[in-house]
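The residues making up each chain are set out below.
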Protein chains: 2
Amino acid sequence: MEKRQPIPVAEAVHRVMDYAFPAKKELVPLTQAHGRFIAEAVRADHDVPAFDRSPYDGYAIRSIDSKEASSEHPVRFQVVGEIGAGYVYDEVVGHRQAVRIMTGAPIPQGCDAVVMLELTHTFEENQQMCMSIKRNFEAGTNISYKGEDVQQGAVLIEKGQYINPGVMALLATFGYEQVPVFRKTVIGVMATGSELLDPGEPLQPGKIRNSNAYMMMAQIERAGAEVKYFGKFSDDLELCIENVEKALQEVDMLITTGGVSVGDYDYLPAIYEAINAKVLFNKVAMRPGSVTTVAAREGQLLFGLSGNPSACYVGFELFVRPIIRTAYSNSQPHLRREQAILGKDFTKANPFTRFVRAHAYYEKGQLVAVPSGFDKSSAVSSLASANAFIVLPGGSRGYEKGMSVTVLLLEDLQGSEWPWDNIEKSYR
Amino acid sequence: MEKRQPIPVAEAVHRVMDYAFPAKKELVPLTQAHGRFIAEAVRADHDVPAFDRSPYDGYAIRSIDSKEASSEHPVRFQVVGEIGAGYVYDEVVGHRQAVRIMTGAPIPQGCDAVVMLELTHTFEENQQMCMSIKRNFEAGTNISYKGEDVQQGAVLIEKGQYINPGVMALLATFGYEQVPVFRKTVIGVMATGSELLDPGEPLQPGKIRNSNAYMMMAQIERAGAEVKYFGKFSDDLELCIENVEKALQEVDMLITTGGVSVGDYDYLPAIYEAINAKVLFNKVAMRPGSVTTVAAREGQLLFGLSGNPSACYVGFELFVRPIIRTAYSNSQPHLRREQAILGKDFTKANPFTRFVRAHAYYEKGQLVAVPSGFDKSSAVSSLASANAFIVLPGGSRGYEKGMSVTVLLLEDLQGSEWPWDNIEKSYR
C-alpha cells in the first residue's frame, strides 16, 4: 500500500498557484458586463461633471448682483432665458439678469451661483418675466464644478475588479458600449463512483445520488467560471483515461470527485500516471479533504477532490477558486479571511488543520461564527446554511465559545490576497 | 408650484410594500437552479445516509471478535469477501470473519465496526486471505449510521430560500432533477432627460451619458430579477404616455429615472395622471433621493427614481429590492441592517435621514464603515466601491470617527426582515 505524505495547506495552495494562468480577454456589450471581471483598467476620458452644472432647479445669477438683497430690500432680476438639462445657453448673462435653470443644465456664461426655486419669487412686469430674492448668495452657491466628481485621467477601476452596479455606472459614463472582460475559465467536472445515481434515478440499496457535481457547478459559477459537465466516470479504466484525455482538450481545468482514496477501487492515481500528469500532492494535512489530490499535465491542472460532499466543497474553495480569480487578474483571489468570535463550543480535537462549515453573522457589528449542524465530511446537511469556514489549527484540543477564531468567508466578493500566513504551525 | 409633503423613509417603504405580490412558479433543470429562489420547502424523502455505511477504507468486523486483541496477541480474521461503494454484501458475517470494505459501502450484516486499513495487517495463509489487528474496537467504530446526517421528513430548505451550492447538493440528494423556483420578476427600465446620451455616443456640450439605466440593470440582476430596457423617454408627452402604457403590459413593475423634480421639464407627474396611476408619495424625508416618487395603477407599481446616480441607486435598494425578494417569498427581503463603527468623521449636518455610500470592512472581526469618496447625489465615482450605506438619522449634526452607526449592506444574500425600526425619529 502506498504511503502518502501529508503537506500543510499553505504549501498545497502554493503548489497549485504555481500553475496559475491568465484568462483571455473578450468584449461583451455593457448590458452583459455585470458580474464579470474587467480586463483593463478604466481611466476617466473626461471630467465628471464635464461642465459646471446646476444640481437644482432654480435661477442662475451673478452672485455680485445679490449682494444688497435682504428681506426689506429684495433684489429684482430680469429673467432673460431658460435652460433645460442637455441644452447650452449661449449668451453672456449681464447685470441683474437671471436664467431659469433646470437640474443638470450647464451654468450660463457670466453666472456663478444658482438660487433654488423655493427661495425666489417670480412675477411678470411690463410683459417681462422677473424674479426677486431676499438674501445674498456667495459665488459658487449650488454649482457642481467641472471635474469635482472625477478628474480626467483618474484610474477608476483597476484591472481584475468585479463589475458591480457602481462600476456599471462608471463604464456607461465613460462610453464603454462594449466592455473588455476576462473570458470565463471553463472547468470540466466528472464524478466517479459506482455508488452514484443521477438526481433523476430512484434510490437503490447501497447507492447514493450524485450531489457533488451539482454542488460544484454552483461553486464554479459563484467563483465566476463556466462549467462543462462530463457526467459520471465509467468503471472501465481504459475508457476513463480516454474520457479524461478528451475532456482536457475542451476545458481549462478538470475536476473529478471521488476516486482519490487509497482503496482498491480508486483509480485516479492510475489515470494520472497513464496520461503523464505530475502529481503535485496527494495528501494535505487538513480535515475534511485530506486525500485531495492535484496533478498537472503540460501546465493544465487536474483537481482530484474527495467524494465526500464537505471535503469536496472545501477542496474547491481552497484550491480551485483562487486559480479562477487569478486568471481574471483579481488581486484578492483567495477566500476572505477574517477574525470572528466562536459562538458555540467546538470540542473535537484537531490533529490536522480543520475547516468547520459555519454560519457567520454579526452581533452588534462583531463577527460571530457558529459551526453549522452535523460535522462529518460526508454530511450534506451542514452545507446549505454554511457561509464560512472556521479554521482551527492542527494540534489544538478543542475550542470554547467566546474564543477568537480565524474564518474564511464564502459568500463574499472581496476575497483576500493570501489568507494562509500564521494559520498553520508550519509552512514553507 | 406644487408643494410636496416629505414622509419618513419607513412610511414610504410601508406604502410600497402594501403592493407586494407573489411571483409565479416554474420548474428549471437542477443545472440551472443556482442563484434562484426556491418555490417550495424541501423535505428529506429519505434518511441520509440511507443505510449504515463505512466512512473509510478498511475491514468490516464484528466488534466482539476484536475483544481479546493486543500487541502481544493479535487477533486473526478470515477475509470472506470484499465490497465496494454501490454494492451490497449479501451474506451474514460470522465469527472472526472480516469483509474488505471501501469508503461509502454499506456495512455487511453481522458487522458493527470498521477497522481502518492502516491499522490492519493483511496476509495470505493456505490460499486464504487473512487480516489481523492488535487492539480491540468498540461497537459503532467508524460507522456512519442511517439518518445521522438527515432524517427522513426533515424540512431542509424553507420556501423562498436562495439556492446556494450547499442547497444544490441537497436538491441533488433528494432527487430534484427539476427544481421548483420562482419565476423571475420582470422589471422595465426607462430613462428620461434630454441631456442623456447613450454610452456609444460621443460627448456633446451640456450632455451626459446615461449611466443610471445600466447601473440599475446590474442592481436588478443582483436582487434576483430580470431587466427589460425600454431605452430613453421621448421629449413628447403624448408619446411618453403611450410608451409607458405599452411597457406596463410587458413587465411586472416599471422604473423610470429622472423627471421627478418640480422643474418645468419634469413631466412624470403628468404621465401618472394621464394613466390614472395613484401616487403613493412624491417626496421622502431622506438624502439623496428626496424626490423619489412611487405610483401604482391597478396593483402595478411604477417607480419614479431620481435622475441623480446616487439617489437612483439608493431609491432602488430601499424601495424596489424588497418588492422583488418578497415576490420570491423570501422572509428577509430588505437590505441587511447591522451596526458598524464609523471609520472617519462625517461632518455634514443632516436635516433628513441620510444614506451615505460607504465601504464596510472588518477590523479584528468588528464591522467598520467609511464613507466612499465624493458625497453628492450626482456623484458616480463613489458608487463603484460602495458595499454599504451608512444611515445617519435626520436632525443630527455630524458624526465622529469611532461612533456606532447603522449600516445597510448591499452585497449580501441574507437581508433583513424589517430594518426600519428606530432609525428615524418618527414613523407610523
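In this text, all values refer to a predicted model and were calculated from it rather than measured experimentally.

## Some words on the relation of the copies chain A and chain B
For the pair chain A and chain B, the superposition axis carries a translation of 0.0 Å, the fit reaches an RMSD of 0.1 Å, and the rotation angle comes to 180°. When the rotation and shift are considered jointly, the pair of chain copies conforms to a two-fold rotation axis. It is Q366 of chain A whose C-alpha, among those of chain A, lies nearest the rotation axis, at 2.3 Å. Most of the interface of chain A is mirrored in chain B, where 99% of its interface residues again form contacts.

## Comments concerning the packing of helix α3 (residues 212-223) of chain A against helix α2 (residues 165-173) of chain B
The interhelical angle for the contact between α3 of chain A and α2 of chain B, taken along N-to-C directions, is 160°, at an axis separation of 7 Å. Relative to α2 of chain B, α3 of chain A is oriented roughly antiparallel. Seen along the crossing, α3 of chain A lies across α2 of chain B with a hand that is right-handed. Residues Y214, M215, A218, Q219 and R222 of chain A of α3 of chain A form the contact with α2 of chain B, whose own contacting residues are P165, M168, A169 and A172 of chain B. For the contact of α3 of chain A with α2 of chain B, the per-class residue count stands at 7 nonpolar, 1 polar and 1 charged.

## Structural notes on the interface of chain A and chain B
Across the boundary between the two partners, chain A contributes 88 residues, which contact 87 residues of chain B. Interface area, chain A with chain B, both sides summed: about 7400 Å², of which 59% is carbon and sulfur. One can count 0 salt bridges joining chain A with chain B. Between chain A and chain B we count 17 residue pairs in polar contact (both at pLDDT 80 or more) in total. If you list the elements that add at least two residues to the side of chain A that touches chain B, you get α2 (165-173), β13 (208-209), α3, β20 (336-342), β21 (353-363) and β22 (366-371) of chain A. No other element matches α2 of chain A, which puts 8 residues into the side of chain A that touches chain B. For the side of chain A that touches chain B, the class distribution of residues is 42 nonpolar, 26 polar and 20 charged.

## Here we look at the domain arrangement of chain A
Domains assigned within chain A are domain 1 (9-26 + 183-327), domain 2 (28-46 + 158-180), domain 3 (58-133) and domain 4 (337-409). For domain 3 of chain A versus domain 4 of chain A, the distance between C-alpha centres works out to 64 Å.

## Notes on the sheet that holds strand β7 (residues 121-125) of chain B
Residue and element names in this part refer to chain B. Strand order in the open sheet formed by 6 strands is β6-β3-β5-β4-β8-β7, and the pairing between neighbours is mixed. Because the sheet does not close on itself, it has two edges, and the strands there are β6 (113-116) and β7. Here the strands of the sheet are splayed against their neighbours by 40° on average, with no regard to which way each runs. As paired elements, β7 and strand β8 (residues 128-133) share 5 bridges and run antiparallel to each other. Paired with H121 across the strands is S132, a residue of β8.

## Some remarks on the sheet that holds strand β14 (residues 226-232) of chain B
All names here are of chain B. Judged by pairing direction, the sheet is mixed, and its 6 strands sit side by side in the order β14-β11-β15-β19-β18-β16 without closing on themselves. Of all the strands in the sheet, the pair left with one neighbour each is β14 and β16 (278-281). Strand-to-strand twist in this sheet, taken as the mean axis angle between neighbours without regard to direction, amounts to 25°. Across 3 bridges, the pairing between β16 and strand β18 (residues 293-297) is antiparallel. Looking across to β18, one finds that V279 is bridged to A295. Seen against the sheet, helix α6 (residues 309-327) touches β11 (186-191), β15 (253-257), β16 and β19 (300-305) and runs at an angle of roughly 165° to β19.

## Observations concerning the nonpolar core
Judged by nonpolar contacts, the single largest core of 76 residues is most densely connected at F303, L318, F319 and F355 of chain A together with V179 of chain B. It is helix α6 (residues 309-327) of chain A that contributes the most residues to this core, 10 residues altogether. Those residues within four positions of F303 of chain A in sequence are excluded, and the remaining contacts are V16, M253, L254, I255, T256, Y272, T293, V294, F319, V320 and I323 of chain A. Ranked by size, the runner-up nonpolar core spans 75 residues in total, among them I38 of chain A together with I323, W420 and I423 of chain B.

## A look at unusual backbone geometry
Residues and elements named next belong to chain A. That bond from V48 to P49 is cis: its omega, -10°, falls within 30 degrees of zero. By the element assignment, P49 lies in the loop between β2 (42-43) and β3 (58-61). Of note in the backbone geometry, N126 takes a positive phi value of approximately 50° without being a glycine. Residue placement: N126 occurs in the loop between β7 (121-125) and β8 (128-133).

## Looking at the packing of aromatic side chains
Residues and elements named next belong to chain A. Inspection of the entire model under this criterion finds 17 aromatic pairs over all chains. Relative to F389, the ring of F355 has its centre 6.2 Å away and its plane inclined at 75°; by these criteria the two rings are edge-to-face. Placement of F355 in strand β21 and of F389 in strand β23 (residues 388-392) is noted, with a sequence separation of 34 residues between them. When sorted by exposure, F355 lands in the same class as F389, which is buried. One aromatic cluster is present, formed by F37, Y162, F182 and Y328 through successive ring pairs. In this arrangement the basic side chain of R100 is found over the ring face of Y59, its NZ or CZ atom lying 5.7 Å from the centre.

## Structural notes on the side chain of T406 of chain B
Residues and elements named next belong to chain B. Assignment of secondary structure puts T406 in strand β24 (residues 404-409). Of note is the side chain of T406, whose polar atom sits 2.9 Å from the side chain of Q339. Not counting residues up to four positions away in its chain, the partners in contact with T406 are R337, E338, Q339, F389, I390, V391 and I423.

Cut-offs used in this document
- Residues numbered from 1 in each chain as written.
- Chains lettered and ligands numbered in written order.
- Predicted model: local features only at pLDDT ≥ 70, side-chain atom pairs only at ≥ 80, totals over all residues.
- Heavy atoms only, no water.
- Least-squares fit on C-alpha atoms with pLDDT ≥ 70 in both.
- Contact = heavy atoms within 4.5 Å.
- Axes fitted to C-alpha atoms, helices over the stretch in contact; angles between N-to-C directions.
- Helix = DSSP H or I, 4+ residues; strand = E, 2+ residues; numbered from the N terminus.
- Parallel < 35°, antiparallel > 145°, perpendicular 65-115°, else oblique.
- Left-handed = near helix turned anticlockwise from the far one by under 90°.
- Nonpolar A, V, L, I, M, F, W, Y, C, P; charged D, E, K, R; others polar.
- Buried area = accessible area lost by both parts, 1.4 Å probe.
- Salt bridge = Lys/Arg side-chain N within 4 Å of Asp/Glu carboxyl O.
- Polar contact = N/O pair within 3.5 Å; in protein donor to acceptor, adjacent residues only side chain to side chain.
- Domains from an automatic or database assignment.
- Pairing = 2+ DSSP bridges.
- Core = buried A, V, L, I, M, F, W, Y, C linked by side-chain atoms within 4.5 Å.
- Buried < 20%, exposed > 50% of the residue type's maximum accessible area, 1.4 Å probe, protein only.
- Phe/Tyr/Trp six-rings, centres within 6.5 Å; stacked < 30°, edge-to-face > 60°.
- Lys NZ or Arg CZ within 6 Å of the ring centre and 35° of its normal.

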